[in-house]
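Okay, here's what each chain looks like letter by letter:
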Amino acid sequence: MSLLDVSDLEAGYETGQVLFGVDVSVESGELISLLGRNGAGKTTTLRAIAGGDVPDVLGGAVQFDGESLLGLSPYEIARRGVSFVPEDRRCFPRLTVDENVRLAINHAADPLDIETVLEFFPELAEMREKHARNMSGGEQQMLAIARALAANPRLMLLDEPFEGLAPYIVRRLEDIIAEINEESGIAVLLVEQNVAAAVAVADRHYVIDEGRIVETVSTERLREDEALRQRYLGV
Ligand code: ATP
């Protein structure tokens, strides 16, 4: 049994079905990427795992540690050990770094302490009193991941963590995500369009196209198979 087992997941919105039988599994401690073009269904897959009222799940199963997550609230899912960092990062702009992390700690069932969290983020540790609204996009992404880590999850879901960030920040985030995964053993499922970044951090990759998983590939194959990248990822 895997830590996360998504099987035959069908989901969509009022406007139509988006996922047509998605299968994704993540083992304990794995760092996995879900790659695909714009609109392929990556965010919808993460939302279906993390809960909430969008999208509508039409069929299939989402099992976490042997238990179904379908129908649970986002809060209940988080309490079971799944942290979700959505694309919009969701930090509190008027709160400081410290307050943002402490708020996440206060809401978690079995949180880490703030010093342990900030050890992974030396940049944030240097700006604990800074308000999130005055931070760069990269710093806010670090803060969003720090908040997710604070809950001490077993699985972190990251929605396009590198999007719109300068290359040196992308590299820094790659290192931080890899370090969290290696040192704390937290499994990570990240969705990306940025193939280079996914290749740099993940052990294994799912490729999604038009709401279906079309390939499951190793980093080596993804690096070497130009035809596959062209066909499904346009790079
Ligand atoms: P992106 O990189 O654009 O986020 P994605 O692979 O994450 O791409 P999704 O966001 O899952 O793709 O979107 C898949 C399809 O679902 C798209 O056609 C999109 O327009 C549609 N969609 C996404 N969110 C909603 C929503 N809240 N209501 C209706 N349709 C939606």
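Residues numbered from 1 in each chain as written. Predicted model: local features only at pLDDT ≥ 70, side-chain atom pairs only at ≥ 80, totals over all residues. Heavy atoms only, no water.

Visitor: Break down the environment of F20 for me, citing the residues and quoting the values.
Guide: Position of F20 among the secondary structure elements: in strand β2 (residues 16-26). The partly exposed category is assigned to F20, whose relative accessible area is 33%. Remark: the alpha-carbon pair of F20 and L58, spanning 38 residues in sequence, is separated by 9.4 Å. Sequence-distant contacts of F20, that is, excluding residues within four places in its chain, are made with L9, E10, E210, G211 and R212. (Helix = DSSP H or I, 4+ residues; strand = E, 2+ residues; numbered from the N terminus. Buried < 20%, exposed > 50% of the residue type's maximum accessible area, 1.4 Å probe, protein only. Contact = heavy atoms within 4.5 Å.)

Visitor: If you had to explain the sheet that holds strand β3 (residues 31-35) to someone new, which residues and values would you point to?
Guide: Judged by pairing direction, the sheet is mixed, and its six strands sit side by side in the order β6-β7-β8-β3-β9-β10 without closing on themselves. Both edges of this open sheet fall to β6 (82-85) and β10 (212-218), since each of them pairs with a single strand only. Going from strand to strand, the sheet's axes swing by 20 degrees on average, the running direction of each strand aside. Sheet analysis places β3 next to strand β8 (residues 187-192), joined by five bridges and oriented parallel. Paired with L31 across the two strands is V188, which belongs to β8. The sheet strands contacting helix α1 (residues 42-50) are β3, β6, β7 (155-159), β8 and β9 (204-209), and the helix crosses β7 at an angle near 145 degrees. Where helix α7 (residues 167-184) meets the sheet, its contacts fall on β3, β7 and β8, and the angle it forms with β8 comes to roughly 155 degrees. (Pairing = 2+ DSSP bridges. Axes fitted to C-alpha atoms, helices over the stretch in contact; angles between N-to-C directions.)

Visitor: Let's hear about the layout of surface pockets: which residues, and what values?
Guide: Roughly 1000 Å³ of volume is contained in the largest pocket. Around the largest pocket, the lining comprises 36 residues; the ones closest to its centre are P74, A78, V82, S83 and F84. Elements that contribute at least two residues to the lining of the largest pocket include exactly α1, α2 (74-79), β6, α3 (97-107) and α6 (137-150). Ranked by the residues each element gives to the lining of the largest pocket, the list is headed by α2, at five residues. (1 Å grid on protein atoms, 1.4 Å probe; cavity = no way out; pocket = protein on both sides within 12 Å on 5 of 7 lines; lining within 4 Å. Points joined across faces, edges and corners; volume = space filled by probe spheres on them.)

Visitor: Help me get a handle on the site of the ligand, residues and values and all.
Guide: With respect to spatial proximity, 15 residues lie near the ligand, and among them N38, G39, K42, T43 and T44 are the closest. T15 places a side-chain nitrogen or oxygen 3.4 Å from a nitrogen atom of the ligand. The side chain of Q193 places a nitrogen or oxygen atom 3.1 Å from an oxygen atom of the ligand. Counting residues per element, the shell around the ligand draws most heavily on α1, which supplies four residues. (Near = heavy atom within 4 Å. Polar contact = N/O pair within 3.5 Å; in protein donor to acceptor, adjacent residues only side chain to side chain.)

Visitor: Tell me what's going on with the pattern of salt bridges, and back it up with residues and numbers.
Guide: Counted under the stated rule, the structure contains eleven salt bridges. Between D88 and R90 there is a salt bridge, with its nearest N and O atoms 3.5 Å apart. By relative accessible area, which is 55% here, D88 ends up exposed. The exposure class of R90 is exposed, given its relative accessible area of 55%. Counted as one network, the salt bridges with shared partners bring together D98, R102, E115 and R128. (Salt bridge = Lys/Arg side-chain N within 4 Å of Asp/Glu carboxyl O.)

Visitor: Can you lay out the packing of α3 against α6 for me, pointing to particular residues and giving the numbers?
Guide: α6 packs onto α3 with a crossing angle of 30 degrees between their chain directions and a minimal axis gap of 8 Å. Between α3 and α6, the angle falls in the class roughly parallel. When the axes of α3 and α6 are compared, the crossing they make is right-handed. Contacts from V97, N100, V101, L103, A104 and I105 in α3 reach L143, A146, R147 and A150 in α6. Split into classes, the residues belonging to the contact of α3 with α6 amount to eight nonpolar, one polar and one charged. (Parallel < 35°, antiparallel > 145°, perpendicular 65-115°, else oblique. Left-handed = near helix turned anticlockwise from the far one by under 90°. Nonpolar A, V, L, I, M, F, W, Y, C, P; charged D, E, K, R; others polar.)

Visitor: Tell me about the packing of α6 against α7, and please be specific about residues and values.
Guide: In the contact formed by α6 and α7, the axes pass within 10 Å of each other and the chain directions differ by 10 degrees. With respect to each other, α6 and α7 are oriented roughly parallel. In contact with G138, Q141, M142, I145 and L149 of α6, α7 contributes I169, R172, L173, I176, I177 and I180. For the contact of α6 with α7, the per-class residue count stands at eight nonpolar, two polar and one charged.

Visitor: Give me the nonpolar core: which residues, what numbers.
Guide: Side chains of a nonpolar character, in soluble globular proteins, are inclined to be buried together. Core analysis: the largest hydrophobic core is formed by 41 residues, its most contacted members being F121, L124, L149, M156 and I180. Tallying contributions element by element places α6 first for this core, with eight residues. Discounting residues that sit within four places of it in the chain, M156 has contacts with S83, I145, A148, L149, I180, I186, A187, V188 and L189. Counting 28 residues, the second-largest nonpolar core is a separate cluster that includes V6, L19, L157 and I208. (Core = buried A, V, L, I, M, F, W, Y, C linked by side-chain atoms within 4.5 Å.)

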